[in-house]
Amino acid sequence: MFLFLIAAGLSLIFGVLRVLNFAHGTFYMLGAYTTYQLVQWLGVSGGRFWLTALGGALAIAALGGLVERFLFRRLYGKDELYQLLFTYALALILGDAAKMLWGTQQKSVSRPPELTSALHLFGATIPTYNLFIILLGPAIALAFWLVLQRTRVGRYIRAAALDRETLGALGTNVDALYTWVFVIASFLGGLGGALISPMRATTPGMDTEVIVEAFVVVVIGGLGSFWGTFLGALIYGQVLSFGILFFPRFSIFAVFALMAAVLIVRPWGLLGRPLR
Amino acid sequence: MRRIPWALLVLLAALLVPAAGSRFYTFLANDVIIWALFATSLNLLVGYTGLVSFGHAAYFGIGAYTTGILMKKAALPFVLAFPAAGVLAGALALLFGTFCVRLTRIYFAMLTLAFAQIVWAICFKWNEVTGGEQGMPEVPYPDLAWMGSLPVLRDLRTSDHFYLLTVLLVALCLWILHRIVRSPFGRMLTTIRENAERAEFIGVHVRRYELAAFVLAGAFAGLAGGLFGIFNRGVFPDFAYWTKSSEVLIMTLLGGMGTFWGPSVGALALILLNQQIVSYTEYWPFVLGIILVVLLFGFPGGLAGAAELLGRRLWRPRRA
Amino acid sequence: MLEVRELTKAFDGFVAVSRVSFDVPKGGVSAIIGPNGAGKTTLFNLITGHLRADAGRVVLNGRDVTGVPPHELCRIGVGRSFQRTNIFAKLTVYENVQAAFLSHRGRGWNVFASVRDLYRDETMSLLESLGLATRAGEIAGFLSHGAQKQLELGLALALEPDILLLDEPTAGMSATETRETIRLIDRVARDRGLTLLFTEHDMEVVFSIAQKVTVLHQGRVIADGSPAQVRADAEVRRVYLGERH
């Protein structure tokens, strides 16, 4: 489900800014690293973990905002390819920055003490933390969806995704809106990384692994569609697990074949809308 | 300025590199030259037709595996295995391209990426044929004994012989690509890049031309791959991984997409830079990222574009 | 020469063109007029195969050409210019027109020849007839608006069309430029014996050279005939009276 968080941010940026943000995976990774760092300083007891996770996500959100405001904005008039390559360059820079700051060894974050136990379900042992994350995923999705549907900012975002020229003509400060979109998307990515840190090792290279996965999810579900991303993440997860269980040699192949199939048959994804 | 046959001089310089006697320089030059072909093939798509592909490494990889498998397992001679790389890569490009050209812009790019990852996944997992994750180390050199019998080349090593063969083959391929680009076909491609809608209205069947460009680009990338597999003394799945595609795309951009020689210059610049930087620091991606950012903000035309601007200020502009 | 029958097109429920029918006589100058949003450009896009019609037919010289894609249509003799200037911006003026010749004369798939001097004579003579010969080496994107429109015309003419469709050829021009452009178009059409069909919403322009006028309003034809007939038509006056500036 954390893949959904990352993919949602990616989809958001694409829906509004029409750009595929390569650096999104790196934001995810930095979210994990920042949380690790905060945990090193503050520890995980007494609910601190949630604070650090939130802190990590906010830090990344701020980073995203700064990047958009001071760097990315300069490229708006130019070719989409340049914008795309900029996000790639960003991924390279930030990815290595993480290596510089935290080294190449794996880092781990302990689970919050409230959720260190495990549940025995159907003969399998599932850590409560994992269960919690599985439940949290849809909860965050719902919260995010509510924000999109009910708040002013959400309405503006949806409008910008549909027709940004008209929105600008109506007097909205589209520039500020873009920055907010970036901030929110980065928050989601960072949050994904922060929450995943107790479950998986934090290493450099997390970013390249996850970004391609996020691409697949977003393509399957539909670039720019919220529920599409949710659906895409579900399908991706199922295909991968199913594949690993029954056809281990073909599982990676299956995922990309699915991506190709969607693009061939219905390029705007299962729930997306055709781009003008 | 334009009377000087630069291309010929560069070719001559390339042929003389082994004379310097340094294994390292020859190795570097060999690397640059193969990547120059790879990048130029991509430029046919990106720079001339305006189609940005994220999956060009797929054809590079196929070419490498084709030549590698034919020479190592089927013991076919190079003179057959090498063109086979181009043919197979071109055929695959025809298959994939048929689907890709139906899409535009970001969807096109995503599909090229998806197909490339499929190729990678197959190479990664098909242990019996491709050697799977381990790849195929020890791809043999072609039979270059005939070079040893020539007086001038007698004292050179096999790797030098192969280098010279590479220079000649790449020069031939680049010459062909140059002819294509300067032909009416090439001009039609630029009209598609500039304004596909208008191109349709002057009678250009846009999809067919795009597919043709895709196939040609793929075929030449395959040839580059065939050479690289031998040069690298082994063929590995990461030849088709998307990071290879991004490397070659960056080279094309760095050198300048708007010119024919831009990508080759980009290949030279990037490989030399990499060589230098890696000896000082392990943070090459960081440096590369910074270079890219500087490029994107300051020199969108790449090195060749900047050079052209400079050249235009120093010498008289050319007429139509 | 050109017959349009019951052409209809709707976008997501919005009917842009509704059962439009009219004829374009051979060798004459016909015009389609109507206020902004009447569906003129959509109509052109339907005729030239750029859009697929929901219903209706387009017949050229007795041959059904409905839905024939643009790249084939221009081989059958239909030339077109666009409302928003649609040229090859980064190529030179010379290269723009030359490209049209290359494509039209069937050399588009030639990978061996050097393209620089191919069809130089034809290109230059066409440029001269348009008054653009002195600017042949300039980058098309940097030309003035009026010159770009002339280049557009050149691109259409290089295809040696039998019928020329011009979408708002004087859009965005000053009064002087408009007069000059209309004179140019009229002269060129007569020199080459072309049939002309153009859209406009400037009535002056239309009545000065058109022999037949079709009036479009909200996607439907509301009048069709000679300029005098149309000018006298009650509904046309009603529609335009509110639009007069």
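Computed from a prediction, not measured in an experiment: that's the story for all the values here.

A. Spotlight on the overall build of chain A. Helix and strand counts for chain A stand at 11 helices and two strands. Its C-alpha atoms give chain A a radius of gyration of 19 Å, within 12% of the compact-globule value 19 Å for 276 residues. C-alpha extents for chain A along the principal axes are approximately 55 × 45 × 35 Å. Residues classed as buried in chain A amount to 47% of the 276 residues present. Once local pairs closer than 6 in sequence are excluded, the contacts in chain A between residues at least 24 apart make up 76%.

B. Broad picture of the sheet that holds strand E7 (residues 163–167) of chain C. Residues and elements named next belong to chain C. Spatial strand order, E6-E7-E8-E3-E9-E10: six strands in an open sheet with mixed pairing. Of all strands in the sheet, those bounded by a partner on one side alone are strand E6 (78–81) and strand E10 (220–225). Going from strand to strand, the sheet's axes swing by 15° on average, the running direction of each strand aside. As paired elements, E6 and E7 share four bridges and run parallel to each other. The residue bridging Val78 from the neighbouring strand is Ile163, located in E7. In the packing of helix H1 (residues 40–47) onto the sheet, the strands contacted are strand E3 (29–33), E7, strand E8 (195–200) and strand E9 (212–217), and the crossing angle to E7 comes to about 150°.

C. Region of the structure containing the packing of helix H2 (residues 24–42) of chain A against helix H8 (residues 174–196) of chain A. Residues and elements named next belong to chain A. Closest axis-to-axis distance for the H2/H8 pair is 7 Å, and the angle between their directions is 50°. The pairing of H2 with H8 is recorded here as oblique in orientation. Note that H2 runs across H8; the crossing there is right-handed. Residues His24, Phe27, Tyr28, Met29, Leu30, Gly31, Ala32 and Thr35 of H2 form the contact with H8, whose own contacting residues are Ser186, Gly189, Gly190, Leu191, Gly192, Gly193, Ala194 and Ile196. Grouping the constituent residues of the contact of H2 with H8 by class yields eight nonpolar, eight polar and no charged.

D. Layout of the sheet that holds strand E2 (residues 14–24) of chain C. Residues and elements named next belong to chain C. In spatial order, the strands read E2-E1-E4-E5; together these four strands make up an open sheet with antiparallel pairing. Since the sheet does not close on itself, it has two edges, and those belong to E2 and strand E5 (63–64), each with one partner. Where strand E1 (residues 2–11) meets E2, seven bridges bridge the pair, whose relative direction is antiparallel. Bridge pairing links Leu7 to Val20 in E2.

Rules behind the numbers
Residues numbered from 1 in each chain as written. Chains lettered and ligands numbered in written order. Predicted model: local features only at pLDDT ≥ 70, side-chain atom pairs only at ≥ 80, totals over all residues. Helix = DSSP H or I, 4+ residues; strand = E, 2+ residues; numbered from the N terminus. Rg over C-alpha atoms; globule rule 2.2 N^0.38 Å. Buried ≥ 20, exposed ≤ 12 C-beta atoms within 10 Å, placed from the backbone. Contact = placed C-beta atoms within 7 Å. Pairing = 2+ DSSP bridges. Axes fitted to C-alpha atoms, helices over the stretch in contact; angles between N-to-C directions. Parallel < 35°, antiparallel > 145°, perpendicular 65-115°, else oblique. Left-handed = near helix turned anticlockwise from the far one by under 90°. Nonpolar A, V, L, I, M, F, W, Y, C, P; charged D, E, K, R; others polar.

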